Amino acid sequence: MSNENNNPFEQPQENNQQYYQAPPQQPQEYYNQYNPNVPPMPPQEEKASVGLAILSYIIPLVGLILYLTKKDSRPKTAKVCGKCALASFIINIVITIIMYAVMGAAMFSGLTDDSDSGAESSYSQLDADAEDGADAEKDAAEQPNDGTIGDYKCVVKSAEKCTDYAGKDAILITYDFTNNSKNAISFDVALDARAYQDGIGLETAILDEETDWLDVEIKPGVTKEVKKAYSLRDTSTEIEIEISELISLSDDKIVTKVTLQ
């Protein structure tokens with residue numbers, strides 16, 4: 001019986017005269033070694049990444065990049081990222097269109113309201129000019145008869161021309177200030193009194209004479225004279241005194257006109 005081995009993978013070793021069997025080559029595709037008739041199994045595809053899908057929805061550009069770069073290696077993830085990016089892009093466009101539509105409607109409504117109010121104001125002004133004593137009624141509306149503003153009452157008691165420490169023309173205004181609030185307060189903390197000539201504010205003047213001008217607190221229900229001096233721009237133009245609350249959300253004010261003699 002012959003000892004020759006016809007196996008081509010076995011080669012004799014020169015040193016020990018033994019045979020060496022080379023390992024079989026690995027197949028390119030997976031197959032069942034016990035049943036060669038079973039067809040090759042395709043590689044399992046991974047699940048789509050939820051985190052990348054959310055990121056694609058938040059930033060559509062990232063979703064587009066993920067779709068283009070992973071459509072071959074991770075097709076499920078690429079497909080989900082692409083869909084999320086597209087959905088986010090479309091939703092953002094729709095929201096933008098709705099916002100612009102709402103803003104346009106609001107602006108159009110505001111313009112319409114302004115036009116209507118302007119027409120009403122013109123009509124009211126014509127009616128007011130046609131009535132006798134319209135200016136007097138307007139002045140009365142600007143300055144209540146009792147001088148009440150907020151929790152206080154302030155009226156212009158007198159106005160006297162004088163000169164400041166430098167010999168320049170000035171006017172001394174005397175106010176009657178009544179505190180009707182619940183706490184003690186001073187005039188300068190409660191009210192803001194300003195003087196104008198031709199719509200231009202007058203600066204506070206410093207007089208030579210010593211007068212009781214100290215701004216002291218008065219208790220609720222107390223009335224005190226308060227004097228303020230202003231430098232005149234000229235000695236003939238009418239002076240307009242405006243009194244408002246120093247700290248208030250209201251635009252209410254008392255307007256008193258003083259004629260120089």
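J.: So what's going on with the overall build of the protein? Residues and values would help.
T.: The secondary structure content of the protein amounts to 5 helices and 10 strands. Here the protein holds 261 residues, and the buried ones make up 19% of them. Within the protein, contacts between residues separated by at least 24 positions form 65% of all contacts whose residues are at least 6 apart in sequence. With an accessible surface of roughly 19,700 Å², the protein has 54% of that area assigned to carbon and sulfur atoms.

J.: Could you give an account of the sheet that holds strand β4 (residues 152-163), naming the residues involved and the relevant values?
T.: If you walk across this open sheet you meet the 4 strands as β3-β4-β5-β8, and the pairing is antiparallel. Strands with a single pairing partner mark the edges of an open sheet, and in this sheet they are β3 (148-149) and β8 (223-231). Note: β3 against β4, 2 bridges, orientation antiparallel. Counterpart to Thr 148 in the pairing with β4 is Lys 153.

J.: Would you mind going over the pattern of salt bridges in detail, with residue names and values included?
T.: For the structure shown, the criterion picks out 4 salt bridges. Of the charged contacts, one joins Glu 225 and Lys 157 as a salt bridge, the two residues approaching to 2.3 Å between their closest N and O atoms. Of the two residues, Glu 225 sits in strand β8 while Lys 157 sits in strand β4, which places them 68 residues apart along the sequence. Glu 225 gets classed as partly exposed once you look at its relative accessible area, which sits at 35%. Where Asp 188 meets Lys 228, a salt bridge forms, and the shortest distance between an N and an O atom there is 2.8 Å. With Asp 188 in helix α5 (residues 187-190) and Lys 228 in strand β8, this residue pair connects regions lying 40 residues apart in the sequence. Exposure remark for Lys 228: the relative accessible area of 21% places this residue in the partly exposed category.

J.: Can you break down the confidence of the model for the protein residue by residue, with the values?
T.: Low-confidence regions, as indicated by low pLDDT, have predicted coordinates that should not be scrutinised in detail. The predicted model of the protein averages 75 in pLDDT, with 66% of residues at 70 or higher. Predicted confidence is poor over residues 136-144, with pLDDT under 50, and the contacts of this stretch with residues over four places away or in other chains come to 9 contacts.

J.: An account of the layout of surface pockets is needed here, citing residue identities and associated values.
T.: In this model, the largest pocket occupies a volume close to 180 Å³. Forming the boundary of the largest pocket are 12 residues, of which Asp 188, Ala 193, Thr 204, Lys 228 and Tyr 230 lie nearest the centre. Contributing elements (two or more residues each) for the lining of the largest pocket: β6 (191-197) and β8. For the lining of the largest pocket, the leading source of residues is β8, giving 4 residues. Of the residues in the lining of the largest pocket, the class split is 7 nonpolar, 1 polar and 4 charged.

Analysis parameters
- Residues numbered from 1 in each chain as written.
- Predicted model: local features only at pLDDT ≥ 70, side-chain atom pairs only at ≥ 80, totals over all residues.
- Heavy atoms only, no water.
- Helix = DSSP H or I, 4+ residues; strand = E, 2+ residues; numbered from the N terminus.
- Buried < 20%, exposed > 50% of the residue type's maximum accessible area, 1.4 Å probe, protein only.
- Contact = heavy atoms within 4.5 Å.
- Areas by Shrake-Rupley, 256 points an atom, 1.4 Å probe, with all protein chains shown as cover.
- Pairing = 2+ DSSP bridges.
- Salt bridge = Lys/Arg side-chain N within 4 Å of Asp/Glu carboxyl O.
- pLDDT = per-residue confidence, 0-100.
- 1 Å grid on protein atoms, 1.4 Å probe; cavity = no way out; pocket = protein on both sides within 12 Å on 5 of 7 lines; lining within 4 Å.
- Points joined across faces, edges and corners; volume = space filled by probe spheres on them.
- Nonpolar A, V, L, I, M, F, W, Y, C, P; charged D, E, K, R; others polar.

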